[in-house]
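# Fold and contact review
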Protein chains: 2
Amino acid sequence: MRNMNKKISLVVIRRLPRYYRYLGELLNQNIKRISSKELSEKMNVTASQIRQDLNCFGGFGQQGYGYNVEELYYEIGTILGLRNGYKTIIAGAGYLGHALANYAGFEKRGFKTIGIFDSDPAKIGGQAGGVTIYNVADMGDFLKENPADIGILAVPKMSTKAVVDEMVKGGIKGLLNFSYVDLDVPDDVVVENVHLSDSLMTLSYLVREKKKMSKDGGGL
Amino acid sequence: MRNMNKKISLVVIRRLPRYYRYLGELLNQNIKRISSKELSEKMNVTASQIRQDLNCFGGFGQQGYGYNVEELYYEIGTILGLRNGYKTIIAGAGYLGHALANYAGFEKRGFKTIGIFDSDPAKIGGQAGGVTIYNVADMGDFLKENPADIGILAVPKMSTKAVVDEMVKGGIKGLLNFSYVDLDVPDDVVVENVHLSDSLMTLSYLVREKKKMSKDGGGL
DNA sequence: TAGATTGTTAATCGATTAACAATC
DNA sequence: TAGATTGTTAATCGATTAACAATC
């Protein structure tokens, strides 16, 4: 029960979901305890890093024993805010919006999608992943009645700005951004970007490097 | 024209697509030249970092002038391998597969989707984003006839392993992984993960932190 | 030429790893 | 108790920033 103050680095935070995932796997396999060493071998990171990361949030382990899988899984979930019952809305009911609405992973981790918004009359009134699709023009009113925490942006680039402004005005505090543009939001709103084409370009670079390497001295 | 050897850090690579994006924007606005300082202000990074990053690949600028936007845009594109005509295939013709097949951003950056694969007889023979959907059972044969460089994984977790093995056997050298599981691939294959639920969990943490901060001493 | 801005070296900062005493 | 493994401090490594001479 240390920390309290000391700001925790974002690189540590970004590793937590991966730990959470592996612990969930262990839990499925009915494994009760794990040492940082064993976990580090499974995950291809150093045991030191695992221990350092976890100790940012408190001493979850026990000397000579390791970590209790179920407890650690639970604790990391709490740290990540998975027990806060965050409500999400999705802007855009295209293929991507549908994919996200149907994605079981979100619900399973405690996020509840309460509305999807689009401007296409053919879609409005329909459903995606069991959630109703509303007119995006009514999003502001909807948020007044049904406060939400997280907004997911699955709209075309040109609609992004207007939708973001409306969401922020409506009290949304976090944005998951699939749009190609970077967002400009007030200080009290956080953004997490998922730039698909950035990922593909990075991959492209890496593929090219690999091919180059295997051509010349690939032996060693 | 330095480098040649000296391995370039992945953190640098991951910034290139963002530079590329901003330069494309400037190009659209018909801006001819830009200094590292101006660009740094637009992008919210330090000018020093931009210069350091670019100098990993060569001296693209000119003292007293800055960088030629068009030239730099072109050069970064080359570095990223966007002029290699990489062919991609998509596994999974669900909503996500459709979203990716329809995503103009990929084609615009020089990636060509040559096939989509699914196991659902109702989908096989159809199209997504103008590309034919084939039986995933025929993927191996397809790759023999139509070599591809990059495979995009938009299949459910349980199908992932089999699909990956088939892709690797078929000569795919890079995987864009949307699946929840981490992949186990040979040394000469690279993987770029897009874990949507990881992003959402990170966002969840950040939202929680912000809320905490605005509650207590949010004034300063 | 004078002014501007790069390319690059050196200084700082932060993140990772190693080591080990504390302790279950 | 002896063995194992944590929590934590110290050492190393890498990434970012600052500074400035080179030069367009």
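In what follows, the accompanying structure is described. (Residues numbered from 1 in each chain as written. Chains lettered and ligands numbered in written order. Predicted model: local features only at pLDDT ≥ 70, side-chain atom pairs only at ≥ 80, totals over all residues. Heavy atoms only, no water.)

### Comments concerning the interface of chain B and chain A
At the junction of the two partners, chain B supplies 61 residues and chain A supplies 61 residues. Carbon and sulfur atoms make up 68% of the area that chain B and chain A hide from each other, which totals about 5700 Å². Taken together, the links from chain B to chain A amount to 10 salt bridges. Summed over the shared surface of chain B and chain A, the result is 26 residue pairs in polar contact (both at pLDDT 80 or more). Contributing elements (two or more residues each) for the side of chain B that touches chain A: α1 (10–28), α4 (69–79), α5 (95–102), β9 (174–177), β10 (190–193) and α9 (196–215) of chain B. Ranked by residues supplied to the side of chain B that touches chain A, first place goes to α9 of chain B with 15 residues. The class makeup of the residues in the side of chain B that touches chain A is 34 nonpolar, 11 polar and 16 charged. (Contact = heavy atoms within 4.5 Å. Buried area = accessible area lost by both parts, 1.4 Å probe. Salt bridge = Lys/Arg side-chain N within 4 Å of Asp/Glu carboxyl O. Polar contact = N/O pair within 3.5 Å; in protein donor to acceptor, adjacent residues only side chain to side chain. Helix = DSSP H or I, 4+ residues; strand = E, 2+ residues; numbered from the N terminus. Nonpolar A, V, L, I, M, F, W, Y, C, P; charged D, E, K, R; others polar.)

### Some remarks on the protein's contact with DNA strand C
For DNA strand C, the set of nearby residues contains 27 residues, the closest of which are S48 and Q52 of chain A together with S36, R51 and Y67 of chain B. Of everything in DNA strand C that lies within 4 Å of the protein, sugar and phosphate atoms constitute 58%. At 2.6 Å from a phosphate oxygen of DNA strand C is found a main-chain nitrogen or oxygen belonging to S36 of chain B. A distance of 2.8 Å separates a phosphate oxygen of DNA strand C from a polar backbone atom of G61 of chain B. (Near = heavy atom within 4 Å.)

### Notes on the packing of aromatic side chains
Taken as a whole, this structure holds 10 aromatic pairs over all chains when the rule is applied. Where F117 of chain A meets F142 of chain A, the ring centres are 5.1 Å apart and the plane angle is 75°; that geometry is what we call edge-to-face. A residue pair is termed long-range when its members are at least 10 positions apart, and F117 of chain A in strand β5 (residues 112–118) and F142 of chain A in helix α7 (residues 139–145) qualify at 25 residues. For the pair F117 of chain A and F142 of chain A, a shared accessibility class is recorded, and that class is buried. Grouped by ring-pair contacts, the aromatic residues F117, Y134 and F142 of chain A constitute a single cluster. Over the face of the ring belonging to Y180 of chain B we find R21 of chain A, whose NZ or CZ atom lies 5.3 Å from the ring centre. (Phe/Tyr/Trp six-rings, centres within 6.5 Å; stacked < 30°, edge-to-face > 60°. Buried < 20%, exposed > 50% of the residue type's maximum accessible area, 1.4 Å probe, protein only. Lys NZ or Arg CZ within 6 Å of the ring centre and 35° of its normal.)

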